[in-house]
Structure formats: structure tokens, C-alpha cells
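An overview of the molecular structure
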Amino acid sequence: MISRLSLQTLLCLWVATQTIFAAKLSSSSGQGSYDPALAMDGKMDTRWSSNFSDDQWLLIEFEKTTAIAGLNIHWETAYGRDYNIEVRNEDNQWTTLSEVRTSDGGIDALYFGPQQCNALRLKGLRRGTGWGYSIWEIELLGLDKQRTVQATSSTDGTSPNHVMDGRKETFWQPAKTDSETSVLEIISPQPIETGGMRIEWADDYACPCSIQYFSENNQWETLVNKKEGVSAIEDVFFKTITTRKLRLNFPSSDKPVRIAEIQLKQPSESWTPERHFEMLSQRLPDGLFPGWLRREQTFWTVTGLPGSFNESLLDEYGKVESGLRNFSVTPALLINNELISAKSFDCTQTLVNGWMPIPSVQWKNQHLTVDITANTIEPDTTVVLYKLKNTSLKEIDLSLLFAVRPLPINPPWQHGGFSAIQRMAWTPQENTLSINDVKAISLYPKPDFVSLHAQTQEADAIDITEQLVNRKTQSNSISSQEGLACAGMRYDYFLEPGQSKTLLAVYPNTDSSHVDIPANSESLFQTEMKKSISNWSALIDNWQIDLPNQKLVDLVRSNLAYLCINADGPATQPGSRNYNSSWIRDGAISATAMMRFGLFEQGQNYLNWFTDLIKEDGFVPFLVETNTGEMAWFARSWHEHDSFGQYAFLVRQATELADDDAIAEHSWPKVKAAMKHMEALRTQRLTEEYKGTVYEGILPESNSHEGYFPAKHSYWDDFFALKGIQDAQALALRLGHTDEANWLASFENDFRQSLLTSIQRVRERDKLEIIPGCAELGDFDPTSTSIAIMTADERDTLPQDALKNSYDRYVSESRHRVSQPLGTRSTYTPYEVRNISALIRMGRPEDAIMLVDYFLDDAVRPTGWNHMAEVVHGDLRTPSYIGDMPHTWVGAGLINAIRDMLVYEERDALFLAAAIPPDWLKTGISVKNLQTWWGPVSYDLKESSNGQALLKLRYTRKPPNGFIVPKDIKLVIQSNTTTRTDN
């Protein structure tokens, strides 16, 4: 529920204006450090921030009727994408002055002309990120900032003033005259400093014009010669200028000029290389550039070799980002002299055999298909096959274009964005393009035409695709100081009905990569495809699961493959771009997931590599740079205390799954040292200072939980600590270290009591019915609490009422979320897949199955590529952080959750078929050669003719506490490969 805050009086004097505004501010949410008054306190280091929902508002009520002409909104990172600015008059009637749509954050400079009002309201409609609305400062413009607009002519019913009245329904249109040029002039009583303007056209096209300013030399100077475009909204950027006059000159044209709104931009929004391409992307058809230039989220997947340090990306429309060279290649078509992108087709995404990490994108319409398939081969080279096929009954004359630009697929809100290309060279003899003096792409066969184009800050901005259309080029070698070098290749085809054409693009991922291309390049691709299929099958196909829902099996296989690809050498990593470092947090869970499905070498190599990084004093680094093994520089000021328990957990899992004491022997000195280090950490909270507090006897505050900055006493750390102590104790017993096992048993009992006492104290303090996530906040965080259930097996020791209440609430909220239409659901992280594992262990299979169905439906984007990002937004296209795709710690959690549905180890027993949808029993399921702590198991489960579900089990070794199946399933023990039978 949104609650209204009490009104607070504020006298705000913004130093940049000459008007004093006495006002009181209130809001739908936000208090304390994010109070609404902070949005008009004259400071740029304080801010108002709202709850995380779209329907938020900020109200400014003036002490008396006030005249305002506009306002500047200085957004923090969490900005409003769509919102209205409304004013209230003396009759208490609200009027909308500005309807802002597709804002890009930063500073929104809104001008609507003089208005008398007693209140102003920002009404949020749609957030630009997954957070709320957050404003550093609002600068109100008084009458001293009033502007006038004049024009050479206007048609009846329109006025030049309409372009700055804040209303989209009004517009200016010049009268039809014999004059060659129509002029619209903006005049300010004071000098304006600006770096661009947003033009909102009243039609779905943008007219060409030149934009000029009146300079210090008392003459008009041209800033931009803007060409005709296809967008109703255009952002135009230029160098920062100071002037009192701006004008737009429109040449004579058959198309009428109709402008609904013009808003001038702040100096901070002036021309940059990135904004240069943003202008081009708005002027040209949608889809010809990476989606982030239009503030649109696009999804992608990865292609690479297991353990390689370089991976390429393929986005959902067929754009390629090669290795870490930070350029992208965009395919497009030219048909009847019209540029056509993937967005003019139906686009689908697939993987070879439904799961192998060899991704494809297909464009399809009623006349044509374009298939784009990417595969990475030895020696570390990505090859992409493009196939065009005429599916119509008529001939098609077309051109296939490739645009190579300094624009990665990974967007700026993910630490991507523009990446400079200073030099380009095309070598015709080798069909090869070099970028920044490194071979970047080779094409087979040779293109019909190649264009190299160095963009500049000059007024006439033209894109490389336009160069290709007009067959214009500069030379075979270009340079650009601003890093704006681009290249284009053109293939001209005449396709008979049913005819196909193919071409191959080769991207070397390392400087030493080299592939000999035969005359028939497609045959090379197909040969290498067979090799890749064989290699992936050999790596991941040593087990078999048959389910009525094949998608679950494909998800397991794909995410195991993605784990191998995202790994750099022996180091597992969550991703290839944003997360190309190694966390033991991710690594322990990921390596365990791999070993559970037979990838012992990969899991154990990671364990051995990380063991060597642990210091003699037992400090377990939580985040290391893969190429150096050193702590990541940006995390050296952090503290994370979950790493000690995670390391011991991984050692135990590797030892038990391989049934190999040598693994435990090798790692034991570091395990013991880690437990000693963790014990010393705990003593920091056993002093008199903490006695009787919620912090007594638990681990110190840390940043292990990503939501806790600044650091908090996270129970996440403590649950992992308990698990680590338990696993270290089991390893000690296995190795015969009785004294250490006794010490660890005492440590475990003492620590558990401190943890449970802390939880109870927080519950009493905050009157909680649930288990809190951390001691400071008493927050609801079941995804964190699930570590206590799925990993640490503490469900019997935790307060039972709080445990039940926590997951009842989570399931209730999840079912509500499931009921909401796609596109309206809230933002969440698919780390929640670990709740599936917790619910299974708590005996709630129906709830677990509901979550599985939800994540498959909502979080796997695009569904054909079988992976999830780190963050899922209800609106698929929200331009906000999503993490890597695939994000393989999320993927590892999904692998483990699906395995838990079928088999999991706990309390020296093996649990079988713990979360099987009832409708599967009629069709039946089969599990073959699935690795467990007691060797591989296989079983068949199906409902018999009399309605009894029978599970026929074959196993290697019997667990100490046997096999456990749901009460409505009958267990039938069959002989294993050694013909041993248990009854």
C-alpha cells in the first residue's frame, strides 16, 4: 500500500534562478534519507527516492499562486521513463502540461510556457529501471526564464508557441508559400547553455532541417544538418553552445512540417560518440543498431569453447559481438532501395538439438527466410553462417548488408556501450577487416562492395548503411580520432523461387586463431558443426533423463554447457562480460552442479585451482580475477564471510560425489585453516560490547548478500558457516582426524545456538512472524533463508512457526505474481530458483512445481536459448541491468533444483522423485546414470494399470539411511550392474 507522508515546509532557493519558490513537498513514498523535501533543497548530493512501483508521485505545493514556465529534473540512476507534469490552478483543477515519454534519464529540461498555479505534481507512469523514481534536484523556472517562439509563417490553427507549450496535441506547421525555407526561431531573454534538443514530430516521420544558433560573432552558425528520419521522436545532440537564439530551417518539401514539441537539452547532454550513434539510430529504421541506443533491452546468448577466455555474443536479432574486441556486426537487407532490419520479420531463436550451445536466429516473412547460426571452433574462432532463402513464388532482387560499428551488444547500463575504433583496414586479397590493427572478421565469399567510413562531429552525420546503399567509400584504410570508424560490406543477390545463398563470417577470438577456409565455405561450417555436436554430446551426454517436459532436460544440458563456456580456464564464472571474475560463492554451487551431472574434471579442477589461492592463515578470497588469482581490485574494500563455509561445502561435495579420499586429503589443510579463520572472525562478536545484543556470537557484518551495502550482519553468512563447519567435521571424520572433528562439533553447536538466539532477538525486537534476512533490518528474504534449508539442512532447528510463515508468504506472493499478465509483473532475480530446492525439502512439492513452471514461463528469455539473466523485469524491454546472459550461477541453481525434483542427498539418505507432477506418472519418467554420493542411480517411475505409482530402482551403493520416496509411490528395488539386490 502507498501511504502519503506528512507535509514538510521547505524554502528552496536554487542558485541558478532569480526566483524564490516557497513550497512544501510531499510524495507517495520516501522518507528519512529519501524525504521528498530533498528534491528541492538546493543540493545535488541529497535526493528523494520512491518505492519500487510505477504509480508514484511527487507534489510541490506553493504558499501562494506562483508563475512558472518550466522545470529541470536532475534524475539519479533510477529515473522516470514515462511521466506527466501537472499543475493545479486556483479552482483546484489539475491540468497536464507535459507528457514525457521515453525519457532517458540524466536531466530532463521541460519548458511549457508561463503558468499560474498553486501546486505542481510529477505523476509517475513507468519507471526507467527496476528501482523506483529518484531525483537529486528539481529546478523550477520562473518568468525570467520565459522563452518566445516565432516563425516565418503558420497554418490556421497552429502556432510556433505550440512547440513549447508541453502539449503533444498542439503543433506548429508552416504555411505553404513560395519561399524555399520555413524558419522556426526560439528566443530567450537570457543566454541559454544547451547541448541538444528533443524534437517530437506530430507525424510518424521527421523532416530534414538545419539547426543553427546565433553566435558571439553575431551570425548564424550551423550545428546540425539533420536528414529525414522515420521516428516521431528525435534526440539531436551537438556541441555545447551558449546563445539567446536558436532556429530550425526547413527546406521546401512535398511533406508538411509538423512539430508538436521541442525541449532543449542541458550542457551535460551534448554530443558524445555514443550520442552520435543514438541520433543515427533514431533517424534510421528500428533494428539497424543495437537496441540500447533506443533505450530498449535486447537479449543475447553466448558461443565459445569450454574454458576459453574469449566468448562471442549473438543477440536475438542476429547481431554478433566478437570476443572481447567490443565491436558488433549488424546484418540488414536492402530491398527496393529500402533498408530493412530483423524487426521487419518474425524472429525465432533456437539451439542445435534443442540444447547445444550453438545458437541460431531466423528471420521469416511470407517471402524470405534469413538463418544466422554461430558456432565457436578450434582454434578459438567463432564462425557465423548466413543463409538467405526465397520462400516465395517470385524472384527477389536484394542486397545483404553488414554494418561493423564500435557498438557492443552489451548495453551501457551493463557497463557496456560505445567502444572506440580508431583504425580500420580492409585487405581485399584476404577478405579481411582489421580493427585497431588486429584481424577482426573475414568474409567468404568476397563481398560485392566494401565501404569504410570515419564518422566525425561534423553536422552531416551519415551511417555506414547509407554509405552501402549509395555504394560510397573513402578508402581501404581509415582512422578516427573520436573512435567512430565503421565498416560495411554488401552482397547483391538475385534469388529465384526456392533458391538459397550462403556466406560465412569468421571471427578470430585470439590473435593466434587461424582457420583455413576452402572454396566451399559452407562445407567447412557443416564439417565443424558435426565436430561440435560430437564434442558437446561427449562432454554432457553421459546420463539420460526422459521426462514428459523435455524442456527441463534441455535446460539442464544447456546450462551445464554454458557453465563450461563461461569458465576461464579452471575458474567457473557467472558470465562472460559483467561477471568475468570468479566468486567462490558462485563457484561452489556451480562446480557442484557440474559434478552432479558427471563433469568431475571441471568441478575438481576448479576446486584445486581455488585451494591454491587460499592463504595459510585460512582467509578464503571471495572474489578473484581469473587471469591473476588475486582479489578483484574493486572488491578489496569489501568484507564477505560466506566464502569459508562455501569452500568447505565444495570440498565435501567433490569428495562424496567422487568417493575419493585423495580430494579431502589434498584440501584438508586449507579447510581446517578456513574454519580457524572463521572461528576467529566470530570472536569479534563475543566481546562484552556485543553481549546480549542481536549480534552476539554471529559473524561480523559483510557484503556477501548483494543487497547489503553498506555491510550488514547477514544470516546468509551464518547459514553457510554452519554448513561449512558440518562439512569440515564430516571430512575430518572421514580422514580419521578425531580431535579436529570433536573441536568442529563443539564449534557447530555453540555457533548454532548463537545464531538461533540472534534470530529470536530480532524477531522479538521487530515483532516478526517470519525469519529475518539480516540482524539490522529484520527483512523478509526467503531466497537468502533458503540456504539454511537446501544447503545447511537447518529446517528442524529453526523456529517452525517462522519458517512456515516465511514460505507461506513467499508462495502466496509468488502465486499472485504468476496470476499477473506478462509485462505487468514485478522485477525479481531468478536466484529465487533456490527456493524450489528449499520447498522440496520442506515437503511442499506442489509449491515447488508451481515455481518451476513460473520460471520457465517468465525468466527464460528468449525461451529457445534455455538460459536466464540475473534480473528479470516485468517489462521485457526495460533498459535496466539484467546481468550476463547466460548468468550461470542462476543456471547452476536451476540445474540443482531440477535434480532435486528427481534425486537429492540428505541425512545419509537418498530422496527419490520428491517433486514429480502427478500428470507425469501416467506417461512415466526415466532416470539413467545420475551421479550421487553413493554412485550412479537409475530408475523408472510410472503409474501401473491399478493406479499405483511404481519406482523401479537400480543403484550402485545403498546409502546408510536408505532410499526415501513420497508416500504415494511404491519403491521396487531392482538389481544393479553388480547384480546386488536389496529388499
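See the structure printed just above.
So, here is what we can say about the structure in this document.

Our focus in this paragraph is the packing of helix α4 (residues 550-566) against helix α5 (residues 584-596). One can describe the packing of α4 onto α5 by two numbers: an axis separation of 10 Å at closest approach and a directional angle of 125°. Taken together, α4 and α5 sit at an angle that is classed as oblique. Of the two elements, α4 crosses α5, and the hand of that crossing is left-handed. On α5, the residues touching L560, L563 and C564 of α4 are S590, A593 and M594. For the contact of α4 with α5, a count of residues per class yields five nonpolar, one polar and no charged.

Turning next to the side chain of R585. Mapping R585 onto the fold places it in helix α5. Among the polar contacts made by the side chain of R585, one reaches the side chain of E640 at a distance of 2.8 Å. Those residues within four positions of R585 in sequence are excluded, and the remaining contacts are E640, D642, Q646, S704, E706, W716 and W889.

Moving on, we get to the sheet that holds strand β32 (residues 544-546). Strand order in this open sheet of five strands is β32-β37-β38-β39-β41, and the pairing throughout is mixed. Here the strands that pair on one side only, and so sit at the sheet edges, are β32 and β41 (969-973). Taking the axes of each pair of neighbouring strands and ignoring which way they run, one obtains an average angle of 15° across the sheet. Note: strand β39 (residues 949-955) against β41, five bridges, orientation parallel. Bridged to L950 within β41 is K970.

Now for the environment of F709. Within the secondary structure layout, F709 lies in the loop between α8 (661-683) and α9 (715-735). For the pair formed by F709 and W638, sequence separation is 71 residues and the distance between their alpha carbons is 9.5 Å. In this structure, F709 is in contact with W638 and N703, ignoring residues within four places of it in sequence.

The next point concerns the pairing of strand β22 (residues 368-377). On a regular strand, one side chain projects to one face of the sheet and the next to the other, so that they alternate. Counting buried residues along β22, nine of its 10 residues qualify, which places the element largely inside the surrounding structure. Bridge count for strand β21 (residues 356-364) against β22 is five bridges, and the pairing is antiparallel. What sits directly across from V361, in β22, is I372. As paired strands, β22 and strand β23 (residues 381-390) are joined by 10 bridges and run antiparallel to one another. From the neighbouring strand, L368 faces β23, where its bridge partner is N390.

Overall, the coordinates contain zero disulfides when judged by the stated rule. C207 takes part in no disulfide bond, and the closest cysteine sulfur, belonging to C209, lies 8.1 Å away.

For helix α7 (residues 643-658), which comprises 16 residues, the first-to-last C-alpha distance of 22 Å matches the rise-based estimate of 22 Å (1.5 Å per residue) to within 8%. The element α7 is extensively covered by neighbouring structure, given that 15 of its 16 residues are classed as buried. Just past α7, the residue D659 takes up positive phi, approximately 50°.

A word on the pattern of salt bridges. Per the stated rule, a full pass over the model turns up 59 salt bridges. Salt-bridge contacts for E640 lead to R585; the nearest nitrogen and oxygen are separated by 2.8 Å. On the criterion of sequence distance, the pair formed by E640 in the loop between β34 (623-624) and α7 and R585 in helix α5 is long-range, its members being 55 residues apart. Residue R585 is classed as buried on the basis of its relative accessible area, which comes to 4%. Note that E943 is salt-bridged to K922, the shortest N-O span being 3.3 Å. Of this pair, E943 sits in strand β38 (residues 937-943) while K922 sits in helix α16 (residues 918-923), and the two are 21 residues apart along the sequence.

Running from N to C, helix α11 (residues 782-791) and helix α13 (residues 833-841) cross one another at 45°; their axes reach a closest spacing of 8 Å. In terms of axis orientation, α11 runs oblique to α13. Remark: the crossing between α11 and α13 carries left-handed chirality. Residue-level inspection shows P782, T783, S786, I787, I789 and M790 of α11 in contact with α13, the latter providing R834, N835, S837, A838 and R841. Of the residues contributing to the contact of α11 with α13, the split by class is five nonpolar, four polar and two charged.

Spatially, β20-β21-β22-β23-β31-β27-β26-β25-β29 is the arrangement adopted by the nine strands of the open sheet, whose pairing is antiparallel. Looking at strand neighbours, the two that pair on one side only are β20 (346-352) and β29 (477-479), the edges of this open sheet. Between one strand and the next, the sheet's axes are offset by a mean angle of 15°, whatever the strand orientation. By the bridge criterion, seven bridges tie β20 to β21 in an arrangement that is antiparallel. Paired with L351 across the two strands is P359, which belongs to β21.

Parameters and conventions
- Residues numbered from 1 in each chain as written.
- Predicted model: local features only at pLDDT ≥ 70, side-chain atom pairs only at ≥ 80, totals over all residues.
- Heavy atoms only, no water.
- Axes fitted to C-alpha atoms, helices over the stretch in contact; angles between N-to-C directions.
- Helix = DSSP H or I, 4+ residues; strand = E, 2+ residues; numbered from the N terminus.
- Parallel < 35°, antiparallel > 145°, perpendicular 65-115°, else oblique.
- Left-handed = near helix turned anticlockwise from the far one by under 90°.
- Contact = heavy atoms within 4.5 Å.
- Nonpolar A, V, L, I, M, F, W, Y, C, P; charged D, E, K, R; others polar.
- Polar contact = N/O pair within 3.5 Å; in protein donor to acceptor, adjacent residues only side chain to side chain.
- Pairing = 2+ DSSP bridges.
- Buried < 20%, exposed > 50% of the residue type's maximum accessible area, 1.4 Å probe, protein only.
- Disulfide = S-S within 2.5 Å.
- Expected span 1.5 Å × (residues − 1).
- Salt bridge = Lys/Arg side-chain N within 4 Å of Asp/Glu carboxyl O.

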